[in-house]
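# Observations on chain architecture
Okay, here's what each chain looks like letter by letter:
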Amino acid sequence: MGWSMSKKQKREAKRQWIFPFLILIIVIIALLINFTFTGRKASREQVEKTLENKTTAYADKLYYELELMTKSGLPISTVLGQCTGEDSDEIINLMKALQVNTDAYQVVLTDMQGKAITQDGIAVDVSKESYFKTQPLEQIYEYTSKDCIVGKSAIISSIPVMKHKQAVATLYLYYPMEKVATNLQNTIYVDDTFYAVTLDDGSIICKTGFNTNYITEQNLYTMLSKEPQSKMLLKAQDKIKQGKSGSIAVEKSDRLVHLVYAPLKIHNWYLFMGIKDTSIHRLIENDWQAMGRIVKQLLFTILAVLLYLIVMIILNKIKYTENSKNLEEKADTDLLTELYNKIATEREIKDYISEKPTGQALLFLIDIDNFKKINDTMGHAFGDEVLKTIGAKLKMEFRKSDICGRVGGDEMLIFLKDIEDGRLQCEAERVIAIYKNFGVGEYVKYTVTASIGAAVYSRDGKTFEELYKAADQALYRAKRNGKNQLMFYKKGNAENEQEEHS
């Protein structure tokens, strides 16, 4: 086959750079997909964490306001413990000052039997109220859906009034639930958000926002326990019992809602924030945008690098092909005549025969007459000049698709492809014309003649060996008949000519 790469070798060479390149692209795509997946997961976790933090912040704000109100009432309760029945005006003034300077809409002082007085000096009886305690020992928070004074729902801070280390009365500070609702309404995070405040048992004491119709019952835990996700809710309830914050996705009435919860730090009261899944996705998309831009920039950079690599590979491939072609041409070329060498000539003819088993071509085997005499009398340098001149003339005379090669010392071969019957003789005369009046030399032309044998493919031979043998027999006839002529192979004389030639 010669020096040039076989098709199998070329395919193997392509695999050596195509497969790693494809693997690189697959790895990059896999990394981008994984990065996108983990990035979106991180965005969801970040959004859920943000919602949890905001709910905790709202719960802390409500607790802070209640604590601020209570802390204002603690020194007043101490003063009240030192007052006597004769100090009624002072007591009312202290209670009125407390009501004016805190968020309490009502301040009530009651004795141990439930007989009470408001900051306005109005006598009331709270003995039948659920929050009334006969012997309160420390400050506590309680809830009433309807106080006995103005009929409002409120969170009540109950502060014991101590005298000689004994509780003699209770100071009640009423924080309006409507203020809780207003504060929460002003902290709506996104559209379709609602809030709910629950007691220890899950009873809802306040709800506000855009989707409060989601809450169809008065007890949030009872309502949620009826949903298919009851196991998940049980886990959430365990966290609630431990006073922890968290979130859970609950599907109710074909709507997926995320409930975020945080403790109010009052008994086991909790603040719930509900937000639609569509809003969650919108928040995730907003959070993902920044990371998405990074992914796009990374993808653009990778594509630019890949494009650069592709361009470099193509350029290197072109350069490699050119270099390979040059090397192949050098390996296939006879250095003296610049025609194909023997190996390349045989290979090219065999390739044509394998591609066109029913085609027709014309093979000329040329032998320079008396070439040994030329070398002996004129010198080897002149002999080389003769061969170089013939080689140049053959390259100029025939098509690029034709095969012209040097197959021996002074033996050359011409293979004309795809020759019709009507042009066989014409092509033979063209070859004969090359050696008519052919001379070599700068000042004195030395006449050079040649004997030529011709054979027709596939009439005279179906393989290179058969065709070459036929042309060689025709060449022998030309030499035997006096040289300086062209003879076609004649099958009828083949056996006799072969015997004489051998």
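Look up a bit, the structure's there.
The following refers to the structure shown. Here the structure is a predicted model, which is why all the values come from computation and not from measurement.

Before going further, it helps to examine the overall build of the protein. Within the protein, the secondary structure is distributed over 12 helices and 18 strands. Judged by the C-alpha coordinates and their principal axes, the protein covers about 160 × 50 × 35 Å. Taking all 502 residues of the protein together, the buried fraction comes to 43%. Taking contacts inside the protein between residues at least 6 apart in sequence as the whole, the part at least 24 apart equals 57%. The average position of the 66 basic charges and that of the 65 acidic charges among the side chains of the protein differ by 3 Å.

Attention now goes to the sheet that holds strand β18 (residues 486-488). Strand order in the open sheet formed by five strands is β13-β14-β12-β17-β18, with mixed pairing between adjacent strands. Looking at the sheet topology across the chains shown, the edges are occupied by β13 (403-406) and β18. Neighbouring strand axes in the sheet, compared pairwise and without regard to direction, differ in orientation by 15° on average. Pairing geometry for strand β12 (residues 361-368) and strand β14 (residues 411-416), over six bridges, is antiparallel. Its bridge partner being in β14, I366 is matched across the sheet by M412. Seen against the sheet, helix α7 (residues 342-355) touches β12, β13, β14 and β17 (450-457) and runs at an angle of roughly 150° to β13. Against the sheet, helix α9 (residues 380-397) makes contact with β12, β13 and β14, and its axis sits at roughly 5° relative to β14, the strand it touches most.

Moving on to the pattern of salt bridges. It is possible for side chains of opposite charge to pair when their charged atoms get near one another. Enumeration over the complete set of coordinates arrives at 19 salt bridges. K265 is the salt-bridge partner of D60, the closest N and O atoms lying 3.3 Å from each other. Here D60 is found in helix α1 (residues 7-82), whereas its partner K265 is found in the loop between β10 (255-263) and β11 (270-276), with 205 residues between them in sequence. The salt bridge partner of E348 is R347, with a shortest N-O separation of 3.2 Å. Taken together, the salt bridges that share partners define one network made up of E397, R423, E427 and R430.

A grouping of F19, L22, I23, I26, V27 and L31 is seen on the molecular surface, where their side chains present a nonpolar patch of about 580 Å² in accessible area. Within the element layout of this structure, L22 appears in helix α1.

For helix α10 (residues 424-434), every residue scored as buried is listed here: L424, E427, A428, V431 and I434. Projected down its long axis, α10 shows its buried positions confined to an angular sector of 110°, all on one face.

If you trace the six strands from one edge of the open sheet to the other, you get β3-β2-β1-β6-β5-β4, paired in antiparallel fashion. Each end of this open sheet is capped by a strand with a single partner; those strands are β3 (123-125) and β4 (140-144). When the angles between neighbouring strand axes are averaged without regard to direction, this sheet yields 30°. Relative to strand β6 (residues 166-176), strand β5 (residues 154-163) is paired through 10 bridges, and the arrangement is antiparallel. Paired with K163 across the two strands is Q166, which belongs to β6. Against the sheet, helix α2 (residues 88-100) touches β1 (106-111), β2 (115-118) and β6, its axis set at about 145° to β1. This element, helix α3 (residues 177-185), spans β4, β5 and β6 of the sheet and lies at about 45° to β6.

For any pair of aromatic rings, the description rests on two quantities: the centre-to-centre distance and the angle between the ring planes. On inspection of all chains with the given rule, the structure shows 13 aromatic pairs. Considering the side-chain rings of F382 and Y446, the 5.7 Å spacing of their centres and the 80° angle between planes classify their relative orientation as edge-to-face. Here Y446 lies in strand β16 (residues 446-447) and F382 lies in helix α9, a separation of 64 residues in the sequence. Cation over ring: K152 sits above Y105, and NZ or CZ is 4.8 Å from the ring centre.

Here the focus is the side chain of D334. By secondary structure assignment, the location of D334 is in the loop between α6 (277-332) and α7. A polar atom in the side chain of D334 sits 2.7 Å from the side chain of T337. With sequence-adjacent residues up to four places away left out, D334 is seen in contact with L339, Y340, N341 and R406.

In this model, α7 (14 residues) spans 20 Å end to end at C-alpha, consistent with the 20 Å of a helix rising 1.5 Å per residue. For α7, the N-terminal capping position is held by N341, with its side-chain oxygen 3.3 Å away from the main-chain nitrogen of I343.

Turning our attention to the packing of helix α8 (residues 371-378) against α9. Orientation of α8 relative to α9, taken along the N-to-C sense of each, is 135°, at an axis distance of 6 Å. The orientation of α8 with respect to α9, classified from their angle, is oblique. Residues F371, I374, N375 and M378 of α8 lie in contact with α9, whose contacting residues are H380, F382, G383, V386 and L387. Across the contact of α8 with α9, the residue classes tally to six nonpolar, three polar and no charged.

Right, let's get into the pairing of β2. Residues A116 and T118 line the buried face of β2, whereas the alternating positions K115 and I117 sit on a face that is not buried. The pairing of β2 with β3 spans three bridges and is classified as antiparallel. Bridging from a neighbouring strand, K115 pairs with D125 of β3. The hairpin turn running from β2 into β3, its antiparallel successor, is four residues long, and G121 in that turn takes a positive phi close to 85°.

Quick look at the nonpolar core now. Counting 47 residues, the largest nonpolar core has L171, V180 and W269 as its most contacted members. At nine residues, α1 tops the list of elements feeding residues into this core. Filtering out sequence-adjacent residues up to four positions away, W269 remains in contact with Y141, E142, Y143, I155, T198, L199, D200, I205, P263 and L264. Within the second largest apolar cluster, 32 residues are counted, among which are I434, Y435, I452 and L486.

This part is about unusual backbone geometry. A cis geometry characterises the amide bond from Y457 onward to S458, with omega recorded as 5°. In this fold, S458 is placed in the loop between β17 and α11 (464-480). Even without being glycine, K483 reaches a positive phi, approximately 65°. Relative to the helices and strands, K483 resides in the loop between α11 and β18.

With that out of the way, let us pick up the environment of K436. You can see K436 is positioned in the loop between α10 and β15 (439-440). Overall, the relative accessible area of 59% leaves K436 in the exposed class. The sequence separation of K436 and A331 amounts to 105 residues, and the corresponding C-alpha distance is 32 Å.

Cut-off values and rules
Residues numbered from 1 in each chain as written. Predicted model: local features only at pLDDT ≥ 70, side-chain atom pairs only at ≥ 80, totals over all residues. Heavy atoms only, no water. Helix = DSSP H or I, 4+ residues; strand = E, 2+ residues; numbered from the N terminus. Buried < 20%, exposed > 50% of the residue type's maximum accessible area, 1.4 Å probe, protein only. Contact = heavy atoms within 4.5 Å. Lys, Arg positive; Asp, Glu negative; His and termini not counted. Charge placed at Lys NZ, Arg CZ, Asp CG, Glu CD. Pairing = 2+ DSSP bridges. Axes fitted to C-alpha atoms, helices over the stretch in contact; angles between N-to-C directions. Salt bridge = Lys/Arg side-chain N within 4 Å of Asp/Glu carboxyl O. Patch = residues over 30% accessible without salt bridge, like charges linked within 9 Å, V, L, I, M, F, W, Y side chains within 5 Å. Areas by Shrake-Rupley, 256 points an atom, 1.4 Å probe, with all protein chains shown as cover. Arc of directions from axis to C-beta. Phe/Tyr/Trp six-rings, centres within 6.5 Å; stacked < 30°, edge-to-face > 60°. Lys NZ or Arg CZ within 6 Å of the ring centre and 35° of its normal. Polar contact = N/O pair within 3.5 Å; in protein donor to acceptor, adjacent residues only side chain to side chain. Expected span 1.5 Å × (residues − 1). Parallel < 35°, antiparallel > 145°, perpendicular 65-115°, else oblique. Nonpolar A, V, L, I, M, F, W, Y, C, P; charged D, E, K, R; others polar. Core = buried A, V, L, I, M, F, W, Y, C linked by side-chain atoms within 4.5 Å.

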